[in-house]
Amino acid sequence: MKLKQAVEKRVNEIAGFEEKSSDFQKLIDALPPGQVKKLLKDPVCGEILSKYGVSE
């Protein structure tokens, strides 16, 4: 793979990560009051949310 192609591929990957991050934040922001607290107490969801800096 040529350098230009590799750079373009990585730029597209980063853009995809940014879009996913934005979507994730929109979901968290749209939750009803108290729901984030409940999710943070869940062993699976809490671990994932904490990983991305979501807190009460």
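Here the structure is a predicted model, which is why all the values come from computation and not from measurement.

**Examining the nonpolar core**
Here is step 1: If you look at the biggest cluster of nonpolar residues, it comprises five residues: I28, V36, L40, L49 and V54.
Here is step 2: With residues up to four places along the chain from it excluded, the contact list for L49 reads F24, I28, L39, L40 and V54.

**Focus on helix α3 (residues 43-51)**
Here is step 1: By the N-cap criterion, in which a side-chain oxygen at the helix start approaches the backbone nitrogen of a residue two or three places on, α3 is capped by D42, the distance to V44 being 3.0 Å.
Here is step 2: Looking one or two places after α3, you find G53, whose phi comes out positive at around 80 degrees.

**Structural notes on the pattern of salt bridges**
Here is step 1: Going through the model one piece at a time under the given rule, you end up with one salt bridge.
Here is step 2: A salt bridge links E13 to R10; the nearest nitrogen and oxygen atoms lie 2.9 Å apart. Here E13 pairs with R10, and both are found in helix α1 (residues 3-30), just three residues apart, close to one helical turn.
Here is step 3: Since its relative accessible area comes to 32%, E13 is described here as partly exposed.

**A look at the confidence of the model for the chain**
Here is step 1: Of all residues in the chain, 98% have pLDDT values of 70 or greater, and the mean over the chain is 85.
Here is step 2: At the level of individual helices and strands, the chain shows its lowest average pLDDT in α1, which scores 83, and its highest in helix α2 (residues 35-41), which scores 91.

Rules used in this analysis
Residues numbered from 1 in each chain as written. Predicted model: local features only at pLDDT ≥ 70, side-chain atom pairs only at ≥ 80, totals over all residues. Heavy atoms only, no water. Core = buried A, V, L, I, M, F, W, Y, C linked by side-chain atoms within 4.5 Å. Buried < 20%, exposed > 50% of the residue type's maximum accessible area, 1.4 Å probe, protein only. Contact = heavy atoms within 4.5 Å. Polar contact = N/O pair within 3.5 Å; in protein donor to acceptor, adjacent residues only side chain to side chain. Helix = DSSP H or I, 4+ residues; strand = E, 2+ residues; numbered from the N terminus. Salt bridge = Lys/Arg side-chain N within 4 Å of Asp/Glu carboxyl O. pLDDT = per-residue confidence, 0-100.

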